[in-house]
Amino acid sequence: MSTPAPLKPVTVPDLAQARREGRRLAMLTAYDAGFARVFDANGADIILVGDSLGMVVQGHDSTLPVTVDDIAYHVRAVAKGLRRALLLADLPFQADATPERALEASTRLLQAGAGMVKLEGAGPHKLAAIRFLAAREIPVSAHLGLTPQSVLRFGGYRVQGREAAAAAQLRADALAVAEAGASLLVLECVPSALAADITQASPIPTIGIGAGPHCDGQVLVLHDVLGLDTGHRRPKFVKDFLAEGGSVAGAVRAYVEAVRDGSFPGAEHAYD
Ligand SMILES: Nc1nc(=O)c2c([nH]1)NC[C@@H]1CN(c3ccc(C(=O)N[C@@H](CCC(=O)O)C(=O)O)cc3)CN21
Ligand SMILES: CC(C)C(=O)C(=O)O
Ligand SMILES: [Mg+2]
């Protein structure tokens, strides 16, 4: 019996380095130490404690009920399972309503074990929060396109950026979040051509979910990568990797491999 070789943990600068080297990033959500451990051991680069937990763990039909306490609880659990992957934590609904609230929530999440926080949108308050956090040594990921915390305004979970004006706004927002200091950008449910254009224009790496194959990485929710029925409508962009992987570990290996070699997402998982 030998102890496993020490793993080099994924750091924030590694994200930009991966993009420069053309290595795609594979990200998954996890909510507990058990899954986090298996995801980490099988190659996931980033583990997200997403506010999607409101839907897939708590059973709500939106992410709005999730609190900072909820995210912090799951961050503590997930952190115990990680050796290599970067731990990203969502700022839940209204935790980013003011820069001061965002700083307090983010500090708690970093102290609970996260390495970066993510917030949705690029409105004036959101850009101010990104700027405030980045200036205070808190790595930030932005999240644009279908931002689930905007579900009441959107009137449902709809593809974003289909019209020319909306696409131009999204492109401008992507540049603005990077300028404000974000180090990563999640693009959710946008047409593939728009995500490709934004990825090319963006100074920071992009991670797609329902954003086609031309992003610098991909993310899926744990339940979706394993084909679980969550009781909610199954989005077009998900793929059940358990079928081909044969086990949870095998599913993660298949997902990571497919992201790295560019075979996932296929045209059937994208919007045009
Ligand atoms: N299990 C799960 N997976 C997710 O990816 C996810 C969650 N839960 N909860 C939080 C948000 C909500 N998300 C969603 C939910 C529904 C659609 C959806 O039904 N999309 C339609 C688009 C219809 C259209 O405008 O054309 C689809 O058919 O894919 C997309 C993203 C993504 N996030
Ligand atoms: C789907 C991803 C990007 C997310 O924000 C979440 O899981 O909450
Ligand atoms: Mg989220």
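Residues numbered from 1 in each chain as written. Chains lettered and ligands numbered in written order. Predicted model: local features only at pLDDT ≥ 70, side-chain atom pairs only at ≥ 80, totals over all residues.

A. View of the UniProt feature "binding site: Mg(2+)" (unreviewed entry) in the chain. In the numbering used here, UniProt assigns the feature "binding site: Mg(2+)" (unreviewed entry) to Asp-51, Asp-90 and Glu-120. Sequence-wise these annotated residues cover 70 residues; spatially they are packed, their C-alpha atoms never more than 10.9 Å apart. Locating Asp-51 in the fold gives a position in the loop between β2 (46–49) and α3 (53–56). For Asp-51, a count of 27 C-beta atoms within 10 Å gives the class buried. Once residues lying within four places of it in the same chain are set aside, the contact partners of Asp-51 are Thr-63, Val-66, Ile-71, Asp-90 and Pro-92. Relative to the elements of secondary structure, Asp-90 occurs in strand β3 (residues 86–90). (UniProt positions renumbered as here; feature names shortened; annotations may be inferred. Helix = DSSP H or I, 4+ residues; strand = E, 2+ residues; numbered from the N terminus. Buried ≥ 20, exposed ≤ 12 C-beta atoms within 10 Å, placed from the backbone. Contact = placed C-beta atoms within 7 Å.)

B. The arrangement of the UniProt feature "active site" (unreviewed entry) in the chain in detail. When the UniProt feature table is mapped onto this chain, "active site" (unreviewed entry) is found at Glu-188. With respect to the helices, strands and loops of the structure, Glu-188 is situated in strand β6 (residues 184–188). When residues no more than four places from it in sequence are discounted, the contact partners of Glu-188 are His-143, Gly-145, Leu-146, Ile-209, Gly-210 and Ala-211.

C. Molecular detail of the site of ligand 2. Near ligand 2 the following residues occur: Thr-29, Leu-48, Gly-50, Asp-51, Ser-52, Asp-90, His-143, Val-186, Glu-188, Ile-209, Val-219 and Val-221. Grouping the amino acids of the shell around ligand 2 by side-chain chemistry returns five nonpolar, four polar and three charged. (Near = placed C-beta within 6 Å. Nonpolar A, V, L, I, M, F, W, Y, C, P; charged D, E, K, R; others polar.)

D. Here's a closer look at the pairing of strand β5 (residues 140–145). With six of six residues buried, β5 lies mostly within the body of the structure. Burial along β5 is two-sided: the face carrying Val-140, Ala-142 and Leu-144 and the face carrying Ser-141, His-143 and Gly-145 are both buried. Summarising the sheet, strand β4 (residues 116–120) and β5 pair through four bridges and their orientation is parallel. Residue pairing in the sheet places Glu-120 in a bridge with His-143 of β5. Taking the sense of rotation as the criterion, the β-α-β connection linking β4, helix α6 (residues 124–134) and β5 turns out right-handed. Bridge count between β5 and β6: five bridges; the pairing is parallel. When the bridges of β6 are listed, Ala-142 appears paired with Leu-185. (Pairing = 2+ DSSP bridges. Right-handed = clockwise from strand over helix to strand, strands pointing away.)

E. View of the site of ligand 1. Taken together, 17 residues lie around ligand 1, and Tyr-157, Val-159, Val-221, Pro-235 and Lys-236 are the ones closest in. Those elements that provide at least two residues to the shell around ligand 1 are α3 and α10 (222–225). By residue class, the composition of the shell around ligand 1 is nine nonpolar, four polar and four charged.

F. Representation of the packing of helix α5 (residues 99–111) against α6 in the model. Contact geometry of α5 with α6 gives a least axis separation of 9 Å together with a crossing angle of 50°. Considered as vectors, α5 and α6 are oriented oblique to each other. Along this stretch, α5 crosses α6, giving a crossing that reads as right-handed. Contacts between α5 and α6 involve Pro-99, Ala-102, Leu-103 and Ser-106 from the first element and Ala-128, Ala-129, Phe-132 and Leu-133 from the second. The residue makeup of the contact of α5 with α6, split by class, is seven nonpolar, one polar and no charged. (Axes fitted to C-alpha atoms, helices over the stretch in contact; angles between N-to-C directions. Parallel < 35°, antiparallel > 145°, perpendicular 65-115°, else oblique. Left-handed = near helix turned anticlockwise from the far one by under 90°.)

G. Quick look at the pairing of β2. Here β2 shows a buried face lined by Ile-46 and Leu-48 and a second buried face lined by Ile-47 and Val-49. Sheet topology places strand β1 (residues 25–29) next to β2; three bridges connect them, and they run parallel. Each bridged residue has a counterpart across the sheet, and for Met-27 the counterpart in β2 is Ile-46. Traced from β1 through helix α2 (residues 33–41) to β2, the parallel crossover comes out right-handed. Relative to β3, β2 runs parallel, the two being bridged by four bridges. Within the sheet, the bridge partner assigned to Val-49 lies in β3 and is Ala-89.

H. Here's a closer look at the nonpolar core. Membership of the largest hydrophobic core comes to 84 residues, with the highest contact counts inside it found for Ile-47 and Tyr-255. With six residues, the top contributor of residues to this core is helix α12 (residues 248–261). With residues up to four places along the chain from it excluded, the contact list for Ile-47 reads Leu-28, Ala-30, Ala-36, Phe-39, Asp-40, Val-78, Leu-82, Ala-85, Leu-87 and Leu-88. (Core = buried A, V, L, I, M, F, W, Y, C linked by C-beta atoms within 7 Å.)

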